[in-house]
Amino acid sequence: MKNFAFEKQEIKTVPVSIENHVYCVKASIRSVKAIEQYTKNMKPLIKSLTSESMSKKQEKELRQSVARITERCLDALVGKGTYYKIFADRAIDIAEHCNLMSFVFDQIKESASEYTA
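What you are looking at is a predicted structure, and each value in this text was computed from that prediction instead of being measured. Starting afresh in each chain, residues are numbered from 1 along the sequence in its written order. The predicted origin of the model limits local features to residues at a pLDDT of at least 70 and limits the giving and counting of side-chain atom pairs to 80 or more, whereas totals for whole chains, interfaces and linings rest on all residues. Side-chain descriptors were evaluated using all non-hydrogen atoms of the structure, hydrogens and water having been removed beforehand.

(A) Highlighting the overall build of the chain. A run of H or I in DSSP counts as a helix once it spans at least four residues, and a run of E counts as a strand once it spans at least two, with each numbered from the N terminus. Check the secondary structure of the chain and you find 4 helices and 2 strands. When the helices and strands of the chain are placed in sequence order, the string is β-β-α-α-α-α. Taken over 117 residues, the chain has a buried fraction of 32%. Carbon and sulfur atoms make up 53% of the accessible area of the chain, which totals about 8900 Å². Exposure categories follow from relative accessible area, calculated using a 1.4 Å probe and restricted to protein chains: below 20% of the type maximum is buried, above 50% is exposed, and the middle band is partly exposed. Computed with the Shrake-Rupley method and a 1.4 Å probe, the accessible areas treat only the protein chains shown as cover for residues.

Set out below in structure tokens:
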């Protein structure tokens, strides 16, 4: 029986341009796990947005949770401190955070489709 031949390959990076700065997202298992964790953690928060009886305190806690989850994911995808570089001096806006992550995920998806097509 013939043995398998393996080649070590470089981890591909996906360039993502945000606010006139290009960040390199590593296409790796760690990135996939970070995206899965982000999605898992955001689902209940997104559902809670439909609550019409949310107090100001609950809204603040929700924004802080979204920021914390986004920070963890960006740090895992791009590197520590990325969240603060992007969101420095900005109020926490849930839609902005979600839109940014959707954009990053779409860029990764587009890059992956180039290799699977």
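(B) Representation of the environment of Phe103 in the model. Relative to the helices and strands, Phe103 is located in helix H4 (residues 94–116). Here Phe103 falls in the partly exposed class, since its relative accessible area comes to 33%. Counting along the chain gives 87 residues from Phe103 to Val16, while the straight-line C-alpha distance between them is 8.7 Å.

(C) Broad picture of the pairing of strand E1 (residues 13–18). A one-sided burial pattern is seen for E1, the buried positions being Val14, Val16 and Ile18 and the unburied ones Thr13, Pro15 and Ser17. As judged from the 6 bridges shared by E1 and strand E2 (residues 21–26), these two strands associate in the antiparallel manner. Residue pairing for E2: Thr13 is matched across the bridge by Lys26. Between E1 and E2, which follow one another and run antiparallel, lie 2 residues, and Glu19 among them has a positive phi close to 50°. One requirement defines pairing of two strands: DSSP has to find at least two bridges between them.

(D) Quick peek at the confidence of the model for the chain. One confidence number per residue, pLDDT, is output by the predictor and ranges from 0 to 100. Looking at the chain as a whole, the pLDDT averages 86, with 90% of positions reaching at least 70. The least confident element of the chain is H4, whose mean pLDDT is 83; the most confident is helix H2 (residues 56–77), at 93.

(E) Representation of the side chain of Thr70. Among the secondary structure elements, Thr70 is positioned in helix H2. By the convention used here, residues are in contact when the closest approach between their heavy atoms is within 4.5 Å. Setting aside chain neighbours within four positions, we find Thr70 in contact with Tyr38, Tyr83, Phe87, His97 and Met101.

(F) Quick peek at the nonpolar core. In terms of nonpolar packing, the biggest core is built from 28 residues, with Tyr38, Leu77, Leu100, Met101 and Val104 touching the most fellow members. Contributing elements (two or more residues each) for this core: E1, E2, helix H1 (29–48), H2, helix H3 (82–87) and H4. What Val104 contacts, discounting residues up to four positions off in sequence, is Val16, Ile18, Val25 and Leu77. Throughout this description, the term nonpolar core refers to a set of buried Ala, Val, Leu, Ile, Met, Phe, Trp, Tyr and Cys residues connected via side-chain atoms within 4.5 Å.

(G) Focus on the pattern of salt bridges. The rule for a salt bridge is simple: a side-chain nitrogen of Lys or Arg has to be within 4 Å of a carboxyl oxygen of Asp or Glu. Counted by the stated rule, this structure contains 2 salt bridges. Of the charged contacts in the structure, one is a salt bridge between Glu19 and Arg90, with a shortest N-O distance of 3.4 Å. A residue pair is termed long-range when its members are at least 10 positions apart, and Glu19 in the loop between E1 and E2 and Arg90 in the loop between H3 and H4 qualify at 71 residues. Judged by relative accessible area, which is 60%, Glu19 ranks as exposed. Here Arg90 falls in the partly exposed class, since its relative accessible area comes to 35%. Several salt bridges converge on common partners, so that one network encompasses Glu19, Arg90 and Glu96.

(H) Fine view of H2. Take the residue count of a helix, subtract one, and multiply by 1.5 Å to get its expected span. The end-to-end C-alpha distance of H2 is 32 Å, a good match for the 32 Å that 22 residues give at a rise of 1.5 Å each. Turning to H2, its buried residues number three or more, namely Leu62, Ser65, Val66, Ala67, Ile69, Thr70, Glu71, Cys73, Leu74, Asp75, Ala76 and Leu77. Note on H2: the residue one or two positions beyond its end, Gly79, has a positive phi of about 145°.

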